[in-house]
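# Geometric and topological summary
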Amino acid sequence: MEEVSLAIHARPELKFAEYHAQRVLTGWLAESGFAVRTPAGGLETAFVAVHETGRPGPRIAVLAEYDALPGVGHGCGHNLIAAGAVAAAIAAARAMPGHAGTVVVIGTPGEEMGGAGKVRLAEAGVFEGVDAAVMFHPGDRSLTARAALAAAHLRVVFTGVSAHASISPWLGRSALAGVQVFLAALDAMRQFVPPTARLHGVVADGGQAPNVVPERAAVDLYARDRTAASALELVARVRLAAEGAALATGTRAEVSETGPLYAERRDSMVLAEHFGEAVRALGVDITAGEPDSPAGSSDIGNLSQLLPVIHPYIQIAAAGTPSHSEAMRAAARTSFAHERTQVAATGLARVVTDLLADPELLAAARAEFAAAEAEAGSRAEAGSRAEAGSRAEAGSRAEAATAAVEAAR
């Protein structure tokens, strides 16, 4: 496991270019008796590896992520996720060589940078028939579950008119000025969004030369909040800010999505606590995360709306070590990280084998999932009614104001 992890760590690959990682992982799985299929779901660097005996039973997936970050490499520890996932699946198959059902490892590329590998694989039918999916994530704390925000991945492109920046700047309309006003608008907006919301981005294109008024400039931006619905409300405000900045600077703004929306994550606490019991028995102190603690986003959130999933965290670095950092990248190749990944893999293997052998555990996870779905549906219906009421009230106020103006005339 450590050898595979270090091989992936040493050759970081960005989303949908993880050819080396795919070869290393599928080679190990094939040697261990899994039937491997690549590519999968229309993604060249995805894979599906299956271990089955012909006995009927549930289909349990172990998920592997293996993409890296630009400039940081494996600063999110996906080398550990991938190696640990494969180790867990192989361990489960070896522990129960005559198991009922199916153990399947699904290689899910492109989790970072809005790649949405899991979303694309789900849309392609790769998760059809899967009863539950498990994975773990390295971090600076050990948590059975942790909240995750919904995230919209946006690109805002401003188009202006180029001109010589010294001889005749008045003939130009600076797309970069549009970007500057837009970013100022976002900064002003931050005071008036919920504390759970996050708006952050980078200038992806600021022009080509100092002496040319930029005809094109662009911002890559993420808009996040606790639910997909509230994240989309943020997107609507971002669009208005872009239009206002374009109007103020004589440019045009186009807002597009660079990838699918990441939904909020809904962990199966039945299975998460089962994982927790397994790793506690191995000496790792693990607790449930606080629901209101700061959080990131992942495409497993979309998958969690379709079937029971777990995404626990195992500490591989000192408390306070930030994810997506050089410090986390360094931690992800240490002996301690690999010792903890072995613990995580053992915990995942325990969940997989118990799901295959104990129908009551899977039934409990399914019942929990159904109850969460029903609750989410009720909240959505209530939200729709409230929104309709607000629109009606706003319409009445507008009509009243129009009538008052007409009367004044």
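Residues numbered from 1 in each chain as written. Predicted model: local features only at pLDDT ≥ 70, side-chain atom pairs only at ≥ 80, totals over all residues. Heavy atoms only, no water.

Along its length, the chain carries 11 helices and 12 strands. Projected onto the principal axes, the alpha-carbon positions of the chain cover approximately 85 × 55 × 40 Å. Considering the chain as a whole, with its 409 residues, one finds that 49% of them fall into the buried category. Looking at the chain as shown, the accessible area adds up to about 18400 Å², and 54% of this sits on carbon and sulfur atoms. Averaging the locations of the 34 positively and 45 negatively charged side chains of the chain gives two centres separated by 3 Å. (Helix = DSSP H or I, 4+ residues; strand = E, 2+ residues; numbered from the N terminus. Buried < 20%, exposed > 50% of the residue type's maximum accessible area, 1.4 Å probe, protein only. Areas by Shrake-Rupley, 256 points an atom, 1.4 Å probe, with all protein chains shown as cover. Lys, Arg positive; Asp, Glu negative; His and termini not counted. Charge placed at Lys NZ, Arg CZ, Asp CG, Glu CD.)

This part takes up the nonpolar core. Phe-34 and Phe-275 are the most contacted members of the largest nonpolar core, which totals 55 residues. The residues touching Phe-34, leaving out its near neighbours within four places in the chain, are Leu-29, Ala-49, Val-50, His-51, Ala-89, Ile-90, Ala-93, Val-103 and Val-105. (Core = buried A, V, L, I, M, F, W, Y, C linked by side-chain atoms within 4.5 Å. Contact = heavy atoms within 4.5 Å.)

Turning to the pattern of salt bridges, a few remarks are in order. Within this structure, the stated rule accounts for 11 salt bridges. With a closest N to O distance of 2.6 Å, Glu-65 and Lys-118 form a salt bridge. You can see Glu-65 sitting in the loop between strand S3 (59-64) and helix H3 (78-95) and its partner Lys-118 sitting in helix H4 (residues 117-123), a full 53 residues away along the chain. Here Glu-65 falls in the buried class, since its relative accessible area comes to 1%. Of the residues examined, Lys-118 reaches a relative accessible area of 1% and is grouped as buried. For Arg-190, the salt bridge identified is with Asp-187, shortest N-O distance 2.2 Å. (Salt bridge = Lys/Arg side-chain N within 4 Å of Asp/Glu carboxyl O.)

Once that is clear, we can look at the sheet that holds strand S7 (residues 150-159). Sheet architecture is open: four strands sit in the order S8-S9-S7-S10, paired in antiparallel fashion. Of all strands in the sheet, those with a lone pairing partner are strand S8 (198-205) and strand S10 (252-262), marking the two edges. Sheet twist, expressed as the average angle between the axes of neighbouring strands with direction ignored, equals 20°. With eight bridges joining them, S7 and S10 adopt antiparallel strand pairing. Looking at the pairing, Val-157 lines up with Glu-254 of S10. Its contacts with the sheet place helix H5 (residues 175-189) against S7, S8 and strand S9 (216-225), and it is angled at close to 20° to S9. Of the strands in this sheet, S7, S8, S9 and S10 are in contact with helix H6 (residues 228-249), which crosses S7 at around 10°. (Pairing = 2+ DSSP bridges. Axes fitted to C-alpha atoms, helices over the stretch in contact; angles between N-to-C directions.)

With that settled, the discussion passes to the packing of helix H7 (residues 269-280) against helix H10 (residues 335-357). For the pair H7 and H10, interaxial distance at closest approach is 8 Å and the crossing angle is 130°. As judged from the angle between their axes, H7 and H10 are oblique. Crossing handedness for the pair H7 and H10: right-handed. Along its contact with H7, which presents Leu-271, His-274, Phe-275, Ala-278 and Val-279, the element H10 presents Val-343, Ala-344, Gly-347, Leu-348, Arg-350, Val-351, Asp-354 and Leu-355. The class makeup of the residues in the contact of H7 with H10 is nine nonpolar, two polar and two charged. (Parallel < 35°, antiparallel > 145°, perpendicular 65-115°, else oblique. Left-handed = near helix turned anticlockwise from the far one by under 90°. Nonpolar A, V, L, I, M, F, W, Y, C, P; charged D, E, K, R; others polar.)

Now for H6. Here H6 spans 32 Å end to end across 22 residues, near enough to the 32 Å set by a 1.5 Å rise per residue. Among all positions of H6, only Ala-228, Ser-230, Ala-231, Leu-234, Val-235, Val-238, Ala-241, Ala-242, Ala-245, Ala-246 and Thr-249 are buried. Down the axis of H6, the smallest arc covering the buried residues is 160°, so these residues share one side. Seen from the buried face of H6, the exposed residues on the opposite side, beyond 90 degrees, are Ala-229, Glu-233, Leu-240 and Leu-247. Of the surrounding secondary structure, the elements contacted by the buried residues of H6 are S7, H5, S8, S9 and S10. In the segment just after H6, Gly-250 is the residue with positive phi, at about 70°. (Expected span 1.5 Å × (residues − 1). Arc of directions from axis to C-beta.)

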